[in-house]
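Below, each chain spelled out in residue letters.
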Amino acid sequence: TGNKSLVICVVAGTTYYLILDSFAAPACNAYSALTISAPTATAINNDFCATPIPISQTGSYTASTNTLTADSPGNLASVFCGSIENNQWFSFVASATTHTFSISGVGGVSCGAGVQAQVFSTAITSTPCPSCTNFTSMSTPCYNPATLASGTLTATGLTIGQTYYLMVDGNGGAQCNFTIGGW
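How each quantity is defined
Residues numbered from 1 in each chain as written. Predicted model: local features only at pLDDT ≥ 70, side-chain atom pairs only at ≥ 80, totals over all residues. Heavy atoms only, no water. Phe/Tyr/Trp six-rings, centres within 6.5 Å; stacked < 30°, edge-to-face > 60°. Pairing = 2+ DSSP bridges. Helix = DSSP H or I, 4+ residues; strand = E, 2+ residues; numbered from the N terminus. Contact = heavy atoms within 4.5 Å. Disulfide = S-S within 2.5 Å. Buried < 20%, exposed > 50% of the residue type's maximum accessible area, 1.4 Å probe, protein only.

A. Quick peek at the packing of aromatic side chains. In the structure shown here, the tally under the stated rule is six aromatic pairs. Cluster of aromatic residues (ring-pair linked, three or more members): W89, F120 and F135.

Structure follows, in structure tokens:
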């Protein structure tokens, strides 16, 4: 009895069926309204930890925190070095036990305090929708110069062949352009 809600992950272009049925007696349960809704905006691929942009050692990646939202699943807020306002995610597979990332080209009209970044290990779950849980920092201290300065972020204790996640956030909500490279 009462209002019920069901959240499921779906794939665009796939047909799904919803069956309304009763459990045991009575054989018929009345309802007054059924609402089915879906997100109206397409999420930016790397705006959420479960959908990071894969990066490799041979690439240089220019990105921006301008249109991103806060994504703070699991215990992330308690292990990150600052507040989270407009973060984004990148993933990489460790090829050594230590990786150093260069962060450069930090700037923009509303960039102010620059960007902050940290590397994590985490588990990706798929129930009911893909999400990240149980974050462990692999880069302590994190990158948080509170300026537009270029610098480096080093992750240590990595397991070769394992996937890790680099999160970059606009410090205090700063809307910044930046480049990740040189790892």
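B. How the structure looks around the sheet that holds strand 6 (residues 131–137). Spatial ordering of the open sheet is given by 1-3-8-5-6, a layout of five strands whose pairing is mixed. Both edges of this open sheet fall to strand 1 (53–54) and strand 6, since each of them pairs with a single strand only. Pairing between strand 1 and strand 3 (residues 88–93): two bridges, direction parallel. Within the sheet, the bridge partner assigned to P54 lies in strand 3 and is S91.

C. Structural context of the environment of A96. Tracing the sequence through the fold places A96 in the loop between strand 3 and strand 4 (99–110). Each C-alpha atom of the pair A96 and G157 lies 9.1 Å from the other, and the pair is 61 residues apart in sequence. Those residues in contact with A96 that sit more than four places away from it in its chain are L158 and I160.

D. The state of the cysteines, seen in detail. One pass over the structure, following the stated rule, counts three disulfides. Residue C81 pairs covalently with C142 via a disulfide, S to S 1.9 Å. Negative torsions about the S-S bond denote left-handed disulfides, and the value of about 100 degrees found for C81 with C142 makes this one right-handed. Of this pair, C81 sits in the loop between helix 1 (76–79) and strand 3 while C142 sits in the loop between strand 6 and strand 7 (151–155), placing them 61 residues apart in sequence. Residue classification places C81 among the partly exposed residues on the basis of a relative accessible area of 33%. For C142, a relative accessible area of 17% gives the class buried. Covalently, C111 is tied to C176 through a disulfide, its sulfur atoms 2.1 Å apart. Judged by the sign of its S-S torsion, about 105 degrees, the cystine formed by C111 and C176 is right-handed. With C111 in the loop between strand 4 and strand 5 (115–125) and C176 in strand 9 (residues 175–181), this residue pair connects regions lying 65 residues apart in the sequence. Relative accessible area serves as the criterion here: at 0%, C176 is assigned to the buried category.

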